[in-house]
Amino acid sequence: MNAAVATSVFGAFMVATVALGLLAVRGRGNRGRDGLAEWSVGGRSLGTVFIWVLMAGEGYTSFSYLGAAGWGYNYGAPVLYVVAYMSCGYAVGYVVGPMLWAYARRHGLVGITDMVAHRFGRPWLGALVAVLATVFLLPYIQLQITGMGVVVSTISYGAISLNWAYFIAFAVTTGFVVVSGLRGSAWVSVLKDVLVIATLGFLAFYVPMHYFDGYGPFLDRLVTEKSEWLTFPGHGDSGLGQAWFITTSFLNSLTVVIFPTTVAGYLGAKNADVLRRNAMWLPAYNVLLFVPMLLGMAALFVVPGLVGAESNLALFKLVVDSLPAWAVGVIGVAAALSSIVPMAVFMLVIGTMWGRSVLSLVPRWQQRQKGAAQTVVVAAGVIALVLTYTAPNTLVRLSLISYEGMAQLLPMVLLGLMWRRLTLLGAMAGLVVGVGVVCGLVFTENDPVWGVNAGIVALGANLAVALVVTYAGPREHDDRPDGDVLARDEPRERRETAESRKPELSGVGVSEASDAPAGA
């Protein structure tokens, strides 16, 4: 009976999710290059609320309900790096987001692969970055499939096997993203955020009261019996000390602003001020991340002895053991949507990168970029699903270098868009060295290395090589003016003046001018 009730609640919400995605794109154009822009970046028309909930979804994946609680259960204090790097990343994004948005809008670009190809004037470079970014993004899709599968199986009280739960996660998300694109993901993010706020807010009060008679007794017991979890490097010989915490927070706060999924959120905004307001409000949303972290430590007393992957179920074991089936179903829906939304954006970004930067190099695909992108979405989902069944450890191991590997694109993307002197040879040499170093350190189990994040060591080598090769090599000849090569965020006064004059100077109607790329 419990399984029937919980799965019925879950199924009803999944139907509502798909319906909401279809409703979001009803009546929207979907042909040609404009169709790709509408599908991949929401037609560059999303306002503050939609951008806020969409980008907040980056921080609320299945990790929020599984990984954060599991890290809190296993290690304790080191898990706070998530709150630290995301909050700092939003501050960096306040500056970087509007610059990337303006650059992409001015040149009609839809992702970072477009940006590096345009910056260095080499279409093949966009294809290369697309392949590299796909390697680092596929593990996230696999992990979201796994996370949602675990949630579905758990809330069904074991009635749905993990294998079927994985397939459900794949099928729902793939079908959803192919049809609705970024705009549908933004609409569903609203539903997801309502459920996340409600469920985590409820659990923040319910668990301490139900199991410990309040926060006072719970925290007293935590300090007395589990004090090791409250200081660095946390419980056990993790190596996650203060140096690791600082370097990881710093590296990830820089990396998150050029992460392809974050950039997709930037480019979906209707103007740069939306991104600035978004950067100011997003840190407040991170407060909720403390809940699963804290409840993971509460599970130490309620369900002791969880080891390995079982620790990721710390929070859900508290939920399933103490709440009625319908409440388990609702919390499961919130956790499932926290997998679906980010997984949809990951798949969308991979499809867009390949449709725009790889398959578009083939003449017969140039006018069918959206169709190519949607085909790649399905292919990426199938690959992640198959490897989830056949070789789960392969992508899980790759996930260790996902963020640290993506960080190696920082010089090519950010430095390249801000500094004209950086050469293609320098950026490529730095990228090769950085990826090589981070892979070598991670796969030889030397992360952390010397107590610091291996990714920041690799980034230091990357940047040093890029600068040396740039200064030692010949200058590149490029006749384009700085405005066509570098990212600039114009002051508001100049931007508003330019926009107000554009219809008069161009001799076109206001409605036509508003649809043209800025600076066209």
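This text goes with the structure placed above it.
Residues numbered from 1 in each chain as written. Predicted model: local features only at pLDDT ≥ 70, side-chain atom pairs only at ≥ 80, totals over all residues. Heavy atoms only, no water.

Concerning the packing of helix α10 (residues 215-225) against helix α14 (residues 290-302)
Each pair of packed helices gets described by two things: the angle between the helix axes and the distance between those axes. The line we're drawing: Axis geometry follows a simple rule: fit a line to the C-alpha atoms, using only the stretch in contact for helices, then measure angles between N-to-C directions, giving values from 0 to 180 degrees. We count a stretch as a helix when DSSP gives it H or I for four or more residues in a row; a strand needs E for two or more, and each element gets its number in order from the N terminus. Any angle from 65 to 115 degrees is called roughly perpendicular, while one under 35 is roughly parallel, one over 145 is roughly antiparallel, and all others are oblique. The contact criterion used throughout is that any non-hydrogen atoms of two residues lie within 4.5 Å. Put simply, Ala, Val, Leu, Ile, Met, Phe, Trp, Tyr, Cys and Pro go in the nonpolar bin, Asp, Glu, Lys and Arg in the charged bin, and everything else, Gly too, in the polar bin.
Where α10 contacts α14, the two axes come as close as 11 Å, and the packing angle between them is 75°. In terms of orientation, α10 and α14 fall into the roughly perpendicular class. Between α10, through Tyr 215, Phe 218, Arg 221, Leu 222 and Glu 225, and α14, the contact on the second element is made entirely by Leu 294, Met 297, Ala 298 and Phe 301. Here the contact of α10 with α14 is composed, by residue class, of seven nonpolar, no polar and two charged.

With respect to helix α8 (residues 123-155)
The criterion, for reference: Each residue after the first adds 1.5 Å to the expected span of a helix. Bending is quantified residue by residue as the angle between axes fitted to the seven-residue window ending at that residue and the seven-residue window starting at it. Buried, partly exposed and exposed residues are distinguished by accessible area as a fraction of the type maximum, computed with a 1.4 Å probe on protein chains only: under 20%, between the cut-offs, and over 50%, respectively.
Helix length check: α8, at 33 residues, gives a terminal C-alpha distance of 47 Å against a target of 48 Å (1.5 Å per residue), a fit within 8%. Maximal helix bending in α8 amounts to about 30°, located at Val 135; proline Pro 139 follows within four positions. Most of α8 sits inside the fold, with 26 of its 33 residues counted as buried. After α8 finishes, the residue Tyr 157 shows a positive phi value of roughly 55°.

Observations concerning the packing of aromatic side chains
Condition: For this analysis, a ring pair means two rings from Phe, Tyr or Trp (six-membered ring only for Trp) whose centres lie within 6.5 Å, classed as stacked if their planes differ by under 30 degrees, edge-to-face if by over 60, and tilted for the remaining angles. In this scheme, the term charge over a ring applies when either NZ of a lysine or CZ of an arginine sits within 6 Å of the ring centre and within 35 degrees of the ring normal.
A complete count under the given rule lists 19 aromatic pairs for this structure. Relative to Phe 259, the ring of Tyr 140 has its centre 5.7 Å away and its plane inclined at 80°; by these criteria the two rings are edge-to-face. With Tyr 140 in helix α8 and Phe 259 in the loop between α11 (242-255) and α12 (260-267), the pair connects residues that are 119 residues apart, well separated along the chain. Judged by its relative accessible area of 2%, Phe 259 is buried. Taken together through their ring pairs, the aromatic side chains of Trp 71, Tyr 75, Tyr 81, Tyr 85, Tyr 140, Trp 244, Phe 259, Phe 346 and Tyr 403 make up a single cluster. Over the aromatic face of Phe 120 sits the side chain of Arg 119, whose NZ or CZ is 4.5 Å from the ring centroid.

Considerations on the side chain of Ser 402
As for its placement among the helices and strands, Ser 402 is situated in helix α19 (residues 402-406). Ser 402 gets classed as buried once you look at its relative accessible area, which sits at 0%. When sequence neighbours within four positions are dropped, the list of residues in contact with Ser 402 reads Phe 136, Pro 139 and Tyr 140.

Considering a nonpolar patch on the surface
The line we're drawing: What makes a patch is a set of residues exposed beyond 30% relative accessible area and free of salt bridges, joined within 9 Å when like-charged and within 5 Å when nonpolar (Val, Leu, Ile, Met, Phe, Trp, Tyr). For the accessible areas, the method is Shrake-Rupley and the probe is 1.4 Å, while residue cover comes only from the protein chains on display. We define a salt bridge as a contact between a side-chain nitrogen of Lys or Arg and a carboxyl oxygen of Asp or Glu at a distance within 4 Å.
Together, Tyr 94, Val 95, Met 280 and Trp 281 make up a nonpolar patch on the protein surface, roughly 460 Å² of accessible area in all. Where the nonpolar patch is concerned, the elements lending two or more residues are α6 (81-107) and α13 (272-285). As for its placement among the helices and strands, Tyr 94 is situated in helix α6.

A closer look at the nonpolar core
Quick note on the threshold: Residues enter a nonpolar core if they are buried and are Ala, Val, Leu, Ile, Met, Phe, Trp, Tyr or Cys, with the set joined through side-chain atoms within 4.5 Å.
Counting 147 residues, the largest nonpolar core has Met 14, Met 115, Ile 141, Ile 145, Leu 409 and Met 412 as the members making the most contacts within it. Broken down by element, this core gets its largest block of residues, 20 residues, from helix α16 (residues 325-358). Not counting the four nearest positions on each side in its chain, Met 14 is found in contact with Met 148, Val 172, Val 333, Ala 336, Leu 337 and Ile 340.

Structural notes on the environment of Ala 243
Tracing the backbone through its elements, the reader meets Ala 243 in helix α11. The exposure class of Ala 243 is partly exposed, given its relative accessible area of 37%. Considered as a pair, Ala 243 and Val 452 are 209 residues apart in the sequence and their alpha carbons are 5.4 Å apart. Among all residues touching Ala 243, those that are not within four sequence positions of it are Gly 451 and Val 452.

A few points about unusual backbone geometry
For the bond running from Phe 232 to Pro 233, omega is 5°, close enough to zero to count as cis. Along the chain, Pro 233 turns up in the loop between α10 and α11. Cis geometry marks the peptide bond from Asp 447 to Pro 448; its omega dihedral reads 5°. With respect to the helices and strands, Pro 448 occurs in the loop between α21 (424-443) and α22 (454-472). One non-glycine residue with positive phi stands out, namely Glu 445, at about 60°. Within the element layout of this structure, Glu 445 appears in the loop between α21 and α22. With relative accessibility at 66%, the residue Glu 445 sits in the exposed group. Here the phi dihedral of Trp 450 falls at roughly 55°; this positive angle occurs in a residue that is not glycine. Within the secondary structure layout, Trp 450 lies in the loop between α21 and α22. Of the residues examined, Trp 450 reaches a relative accessible area of 75% and is grouped as exposed.

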